[in-house]
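Each chain, letter by letter, is given below.
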Amino acid sequence: RTMTDHKTSKEQKYDRQLRLWGDHGQEGLENAHVCLINATATGTEILKNLVLPGIGAFTIVDGHKVSGEDVGNNFFLTSSSIGKNRAQAATELLQELNSDVSGNFVEESPDKLLDNDPEFFHRFSLVIGVQLPESTCLRLGSVLWDAGVPFLVCRTYGLIGYMRLIVKEHTVIESHPDNALEDLRLDQPFTELKHHIESYDLDSMEKKDHSHTPWIIVVAKYLEKEGNNGTPEDEENFEEAIKNVNTALNPTKVPSATEDIFNAEQCENITSQSPSFWVMAHGVRDFVRNEGNGKLPVRGTIPDMIADSDKFIKLQNVYRDKAMKDAAVVSKHVEALLQSFGKPPESISEQEIKLFCKNAAFLRVVRCRSLAEEYSMDTFNKDEITSCMDSADSEMVLYLMLRSVDRFYQQHSRYPGVYNYQVEEDINKLKLCVNSLLQEYSLNVNVKDDYIHEFCKEAHCLSFVAGSAAQEAIKIITHQFVPFNNTFLYNAMSQTSATFQL
Amino acid sequence: MKVMELAESLSSCRVLVVGAGGIGCELLKNLVLTGFKNIEVIDLDTIDVSNLNRQFLFQKKHVGKSKAQVAKESVLRFCPSANITAYHDSIMNPDYNVEFFRNFQLVMNALDNRAARNHVNRMCLAADIPLIESGTAGYLGQVTVIKKGQTECYECQPKPTQKTFPGCTIRNTPSEPIHCIVWAKYLYNQLFGEEDADQEVSPDTADPEAAWNPADAAARATASNKDGDIKRVSTKEWARSTGYDPVKLFNKLFKDDIMYLLTMDKLWKKRKAPLPLDWTEIHHLEFSQEEACGTGLKDQQVLGVQGYAQLFHRSVETLRSQLIEKGEGAELVWDKDDPPAMDFVTAAANLRMNVFSMNMKSRFDVKSMAGNIIPAIATTNAVIAGLIVLEALKTLNSEFDQCRTIFLNKQPNPRKKLLVPCALDPPNPSCYVCASKPEVTVKLNVHKTIVQALQDKILKEKFGMVAPDVQIEDGKGTILISSEEGETEANNNKFLSDFGIRNGSRLQVDDFLQDYTLLVNLIHSEELEKDVEFEVVGDAPDKAPTPSVPEEGKNIANGNKDSAQPSTSSKAAAEDDDVLIVDSDEEPSSSTMEASPESSNRKRKHHGTDTDDAASKRKRLDQQPADDDEDIIALD
């Protein structure tokens, strides 16, 4: 009873978001454990945006004490927390936002944790690093890359926002594509559908019945009669058929993105360690290559249409039953696969397989480049940088500036322009950093002085980047919608943004 | 950076935040963090559980309290030095006059309905105070800046009006689930709420399509006499006389009324005739495929006829006792977040869908449609509130040329932009609100339009006025409508023609509060379409399915609460006339919700790089997300 009450109250509280990602998306959120490194203003804002929709747990890692400046720009820290550990203070206040979420904190710097217990980070569904020094970022990046834990790097600098997603492989079953075409198989009707279409004899029907025949049947009948030049009836369902014919008659074939997944090495070589996504992908591939005769499992849904209930439900059942049958065949393949390396068949549920089959045409795999690849002289994406820098005001220049600022920090242990009296000096120093960066990477591009001046001005924290960051975090956690790949830059002065693959 | 110099002036600057919901909470936080010290916030709404997933200034213990007040207290806890004034009130209250607006350097809207947006737009124009307008719907959001004489105002471009349904579709011949849902909400008001003659639920004998043959009268009489007392008394009176007996109600609504409809046989020549339900019979029927479709949450399951009949029974009993508890003459107010009210509408709508051979819908889906719910999440509001502050800083610096309309996409568009800034357009010289001499032409039938309809449907609802005064430009200055109580009520039920109004007449309409004068040119027409009372010339007659909306019936996100009345006011929810169509399928309606703004995104994707052109922007503006805040709507 209390269990149900609890469930109902959650349904109520999360009503407005369940409508976006469904209860299984919510379940994903509730099972997630997110690690935040550094409870800065941006960091706590991101976490706030994850605590409100109800992630399962968070852990803040932060070795800093709360300073006066923190209290000034961080809504969740008050002057009474000055001097306390920042991880603890932020945890306490964030926890208040949602009692369903378990909040934890570690009063230690990420570097120390990396020294003593790098495996500490393996347990998380996602690690979010905020305002990390370059060296920490690279170290942590490599630990997480090897462990297969997604890593979201966020920083705000002046009026610049930066996000970088680092995930070796992120699979998405429900990509929620815009304007997905229906899967009606009208070009190649399956046997049951053929029989169902045959059961209609439009010519001998009464007007009432005739005008309540689903348009799918109308189109199918039309296709049957070759050289048909009959005039469509003046009935709503015929109008609907005409309206829908362009999108309904799409050739049934395996989309290239799904084909790529079938051909991926992970799909080819299934092991006992393979994530269920790939096991199911293999199962669907087996289906396509055998029983499916080159076609994906039937999706099993049809759009709403003018029809009476009875006819509609019968037609819907034809598709639904076929989808169930196809999914059952896929299940068999999956089962066999699991058994071949001694795993119980129930390790992947019937429901997961059904969802997978239903979305087989929309599967996505996002692969980001690692930070190591981005930073290495041999593998950095020179083309992307130089081609973007053809226009001197591309957001790419912000990326180069951030890299230069990191260099500055490495050399001077502080960011440029922190002290007013040093601004002039810092401009020159930062210029040197820019030049050495460009030289080192043999980048023949021009960074305008304006940007160097801009980056020497006092930093002004932005908290709204946190909204976008949390949004990406939710995509990663729920495995729904496609996250960006892999670098996002935002310029608040011009209100422009861009994504790059670095 | 000018921003930094500006920071010092922020502490002396006074700003008004209209709305303390999803965007409002985020915005208040951002404002104090940016250094704003003097903030006034107004919201007439109280806190609901479904706000808690994003309105982070509120906690469970605050449910039922004033949003503005709690928001103020929560912000002060974190930022005790701020000077915040909270008003638990409607911004449309005459206390907030032009003088009030002049107290501020900047007004920021964080609203959820078009009526309030229109009103604040006019107040800011009248007071010449810059306004930042914003909205979110699901993953989508938008921010824009409005400055008198320099930019378009909120009303410079006509917005699509909401789809309404003809009375006879609702009462006689529903063909889509939404028709049944609207009917069920009308029924709720007829039975438990405020009765409204425009919300009849019984068969409409005047349906022109039925073209009554007097000879049929006998058949009708027999049909309607089955229950003995189906006289044309009000539904509420009748229900009360039965003591709100759920079984009697059931049989009247789903059997007797339907049998009555069946006698109007012309209606069923081309349609499938409805199938009456009988309380006793359905309980004897074996439902072989009483399948609970949709797994997962209870709300997302579709019950069978028996299940909905039981739900109907239970909810009528609950609502009856609520009514009794409230005492004599009390009325209930429909609220989508009130479980018995929602149960009632779910049950009644589904039973009617069954009668009319439609596929029944889950409670979750019915709620989407009945409540015009726009999904709302913390992240989008956070992004938008951040953008508002940035535009605010530029606005306070009078850098209007730097200000932008910014759209937030669901995912990076083909040009890899998540945020799309567009330059602001200059005012539309023929805008009926911000032009120097606003003028508009309305086509109507002067012999059939009564003064009351002119006031309520045209001036208030269509042109967004609060308390209009109307003078006929007939050389005599005849006062047709006065906003002073008791002065012109006698005119209300007279036709316009009774006052000598004819083709070419001009009306001078004044709204004192909004400091707004509009000249209305009238064109007499006898050829308006069925169910159309008036048409604004130059306004496409029915904008509901705009070209950018892929399919009729998927037209939600824009308007949802963009109805004529403040959605948060429960009174209004009962008065408003419009309904938005929302379609939904078994997916958690996300796809549906996003349909329209997304499609407008598509329209924009080919445009220029930095700032998109005005035409494309307009498409999007038409689809202005309604904002999250409270996602109610004012349906009926």
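Residues numbered from 1 in each chain as written. Chains lettered and ligands numbered in written order. Predicted model: local features only at pLDDT ≥ 70, side-chain atom pairs only at ≥ 80, totals over all residues. Heavy atoms only, no water.

- With an unreviewed UniProt entry as reference, chain B is termed SUMO-activating enzyme subunit 2, source organism Cyprinus carpio carpio.
- Looking at the Pathway (unreviewed entry) heading of the UniProt record, one finds this comment for chain B: "Protein modification; protein sumoylation."
- Quoted straight from UniProt, the Subcellular location (unreviewed entry) entry for chain B says "Nucleus". (UniProt positions renumbered as here; feature names shortened; annotations may be inferred.)

- Looking at an unreviewed UniProt entry, one finds chain A named NEDD8-activating enzyme E1 regulatory subunit and attributed to Cyprinus carpio carpio.
- In its Pathway (unreviewed entry) section, the UniProt entry covering chain A states "Protein modification; protein neddylation."
- Chain A has a UniProt comment under Function (unreviewed entry) that states "Regulatory subunit of the dimeric UBA3-NAE1 E1 enzyme. E1 activates NEDD8 by first adenylating its C-terminal glycine residue with ATP, thereafter linking this residue to the side chain of the catalytic cysteine, yielding a NEDD8-UBA3 thioester and free AMP. E1 finally transfers NEDD8 to the catalytic cysteine of UBE2M."

## Quick look at the overall build of chain B
Okay, so step 1: Counting secondary structure elements, chain B contains 19 helices and 14 strands.
Okay, so step 2: In chain B, buried positions account for 61% of the 636 residues.
Okay, so step 3: Contacts in chain B between residues at least 24 apart in sequence constitute 73% of all its contacts with a sequence separation of at least 6.
Okay, so step 4: Per element, the accessible surface of chain B, about 23500 Å² overall, is 48% carbon and sulfur. (Helix = DSSP H or I, 4+ residues; strand = E, 2+ residues; numbered from the N terminus. Buried < 20%, exposed > 50% of the residue type's maximum accessible area, 1.4 Å probe, protein only. Contact = heavy atoms within 4.5 Å. Areas by Shrake-Rupley, 256 points an atom, 1.4 Å probe, with all protein chains shown as cover.)

## A closer look at the overall build of chain A
Okay, so step 1: For chain A, the helix and strand inventory stands at 22 helices and 10 strands.
Okay, so step 2: The principal-axis extent of the C-alpha atoms belonging to chain A is close to 95 × 60 × 45 Å.
Okay, so step 3: A separation of at least 24 residues holds for 70% of the contacts in chain A among residues at least 6 apart in sequence.
Okay, so step 4: When the accessible surface of chain A is totalled, it reaches about 21000 Å², and 48% of it is carbon and sulfur.
Okay, so step 5: One way to put it: in chain A the 49 positive side-chain charges average out to a point 1 Å from where the 74 negative ones average out. (Lys, Arg positive; Asp, Glu negative; His and termini not counted. Charge placed at Lys NZ, Arg CZ, Asp CG, Glu CD.)

## A few points about the interface of chain B and chain A
Okay, so step 1: With 81 residues of chain B at the interface, the matching set in chain A holds 73 residues.
Okay, so step 2: Interface area for chain B against chain A, summed over the two sides, is near 6800 Å², with a carbon-plus-sulfur share of 54%.
Okay, so step 3: One can count 6 salt bridges joining chain B with chain A.
Okay, so step 4: Of the charged contacts in the structure, one is a salt bridge between Asp15 of chain A and Lys367 of chain B, with a shortest N-O distance of 3.3 Å.
Okay, so step 5: Where chain B touches chain A, the interface holds 10 residue pairs in polar contact (both at pLDDT 80 or more).
Okay, so step 6: Where the side of chain B that touches chain A is concerned, the elements lending two or more residues are helix 1 (2-10), helix 2 (22-34), helix 3 (67-78), helix 14 (363-370), helix 15 (378-396), strand 8 (419-423) and helix 18 (590-604) of chain B.
Okay, so step 7: At 10 residues, helix 15 of chain B tops the list of elements feeding residues into the side of chain B that touches chain A.
Okay, so step 8: Residue classes in the side of chain B that touches chain A are distributed as 33 nonpolar, 18 polar and 30 charged. (Buried area = accessible area lost by both parts, 1.4 Å probe. Salt bridge = Lys/Arg side-chain N within 4 Å of Asp/Glu carboxyl O. Polar contact = N/O pair within 3.5 Å; in protein donor to acceptor, adjacent residues only side chain to side chain. Nonpolar A, V, L, I, M, F, W, Y, C, P; charged D, E, K, R; others polar.)

## Focus on helix 14 (residues 276-289) of chain A
Each α-helix winds once per 3.6 residues, and so residues spaced three or four apart point in a common direction.
Residue and element names in this part refer to chain A.
Okay, so step 1: An ideal rise of 1.5 Å per residue puts 20 Å on 14 residues; helix 14 measures up with 20 Å between its terminal C-alpha atoms.
Okay, so step 2: Of all 14 residues making up helix 14, 12 are buried, and the element is well covered by its neighbours.
Okay, so step 3: Listing the buried residues of helix 14 in full gives Phe277, Trp278, Val279, Met280, Ala281, His282, Gly283, Val284, Arg285, Asp286, Phe287 and Val288.
Okay, so step 4: Elements in contact with the buried residues of helix 14: strand 7 (170-172), helix 12 (256-263), helix 13 (265-268), helix 15 (309-340), helix 16 (350-358) and strand 8 (364-366). (Expected span 1.5 Å × (residues − 1).)

## What to know about the pairing of strand 13 (residues 516-524) of chain B
Residues and elements named next belong to chain B.
Okay, so step 1: Two strands pair when backbone bridges link them, and strand 9 (residues 439-444) and strand 13 are joined in this way by 6 bridges, in the parallel orientation. When the sheet's bridge partners are listed, Leu444 is paired in strand 13 with His524.
Okay, so step 2: With 6 bridges connecting them, strand 12 (residues 506-511) and strand 13 associate as antiparallel partners. Pairing of Arg506 across the sheet is with Asn521, part of strand 13. (Pairing = 2+ DSSP bridges.)

## Examining the sheet that holds strand 4 (residues 106-109) of chain B
Residue and element names in this part refer to chain B.
Okay, so step 1: On the basis of which strands lie adjacent, the open sheet formed by 8 strands has the order 3-2-1-4-5-6-7-8 and mixed pairing. The sheet terminates laterally at strand 3 (83-87) and strand 8, the two strands that pair on one side only. Between one strand and the next, the sheet's axes are offset by a mean angle of 15 degrees, whatever the strand orientation.
Okay, so step 2: As defined by bridge partners, strand 7 (residues 404-408) adjoins strand 8 across 5 bridges and the pair is classed as antiparallel. Each bridged residue has a counterpart across the sheet, and for Ile406 the counterpart in strand 8 is Pro421. (Axes fitted to C-alpha atoms, helices over the stretch in contact; angles between N-to-C directions.)

## Things to note about the UniProt feature "binding site: Zn(2+)" (unreviewed entry) in chain B
Residues and elements named next belong to chain B.
Okay, so step 1: Annotation from UniProt places "binding site: Zn(2+)" (unreviewed entry) at Cys153, Cys156, Cys431 and Cys434. Spanning 282 residues, the named residues form one tight spatial group whose C-alpha atoms are at most 8.5 Å apart.
Okay, so step 2: Position of Cys431 among the secondary structure elements: in the loop between strand 8 and strand 9.
Okay, so step 3: Apart from the residues within four sequence positions on either side, Cys431 is in contact with Cys153, Glu155, Cys156 and Pro438.
Okay, so step 4: Inspection of the secondary structure puts Cys434 in the loop between strand 8 and strand 9.
Okay, so step 5: Discounting residues that sit within four places of it in the chain, Cys434 has contacts with Leu125, Cys153, Cys156 and Pro427.

## Considering unusual backbone geometry
Okay, so step 1: The omega torsion across Asn485 of chain A and Asn486 of chain A is 0 degrees, close enough to zero to call that bond cis.
Okay, so step 2: Mapped onto the fold, Asn486 of chain A is located in the loop between helix 22 (465-478) and strand 9 (487-491).
Okay, so step 3: A positive phi angle is found at Arg185 of chain A, which is not glycine, with a value near 60 degrees.
Okay, so step 4: Its identity is not glycine, yet Asp128 of chain B carries a phi of approximately 55 degrees, on the positive side.
Okay, so step 5: With respect to the helices and strands, the residue Asp128 of chain B is situated in the loop between helix 5 (114-127) and strand 5 (131-137).
Okay, so step 6: Asp128 of chain B sits in the partly exposed class, given a relative accessible area of 38%.

## Overview of the packing of aromatic side chains
Okay, so step 1: Within this structure, the stated rule accounts for 33 aromatic pairs over all chains.
Okay, so step 2: Note on Phe120 of chain A and Phe124 of chain A: the rings are 5.5 Å apart at their centroids and 70 degrees apart in plane angle, and the pair reads as edge-to-face.
Okay, so step 3: Residue classification places Phe120 of chain A among the buried positions, given a relative accessible area of 8%.
Okay, so step 4: Accessibility expressed as a relative area gives 5% for Phe124 of chain A, which makes it buried.
Okay, so step 5: Judged by centre distance (5.8 Å) and plane angle (85 degrees), the ring pair of Phe190 of chain A and Tyr319 of chain A falls under edge-to-face. Of this pair, Phe190 of chain A sits in the loop between strand 7 and helix 8 (191-198) while Tyr319 of chain A sits in helix 15, placing them 129 residues apart in sequence.
Okay, so step 6: The exposure class assigned to Phe190 of chain A is buried, which follows from its relative accessible area of 9%.
Okay, so step 7: A cation over a ring is seen here: Lys252 of chain B above Trp238 of chain B, with NZ or CZ 5.6 Å from the ring centre. (Phe/Tyr/Trp six-rings, centres within 6.5 Å; stacked < 30°, edge-to-face > 60°. Lys NZ or Arg CZ within 6 Å of the ring centre and 35° of its normal.)

## Structural notes on the state of the cysteines
Okay, so step 1: Across all of its chains, the model carries 0 disulfides over all chains by this definition.
Okay, so step 2: Here Cys154 of chain A stays unpaired: no disulfide links it, and the sulfur of Cys137 of chain A, its closest cysteine neighbor, is 10 Å away. (Disulfide = S-S within 2.5 Å.)

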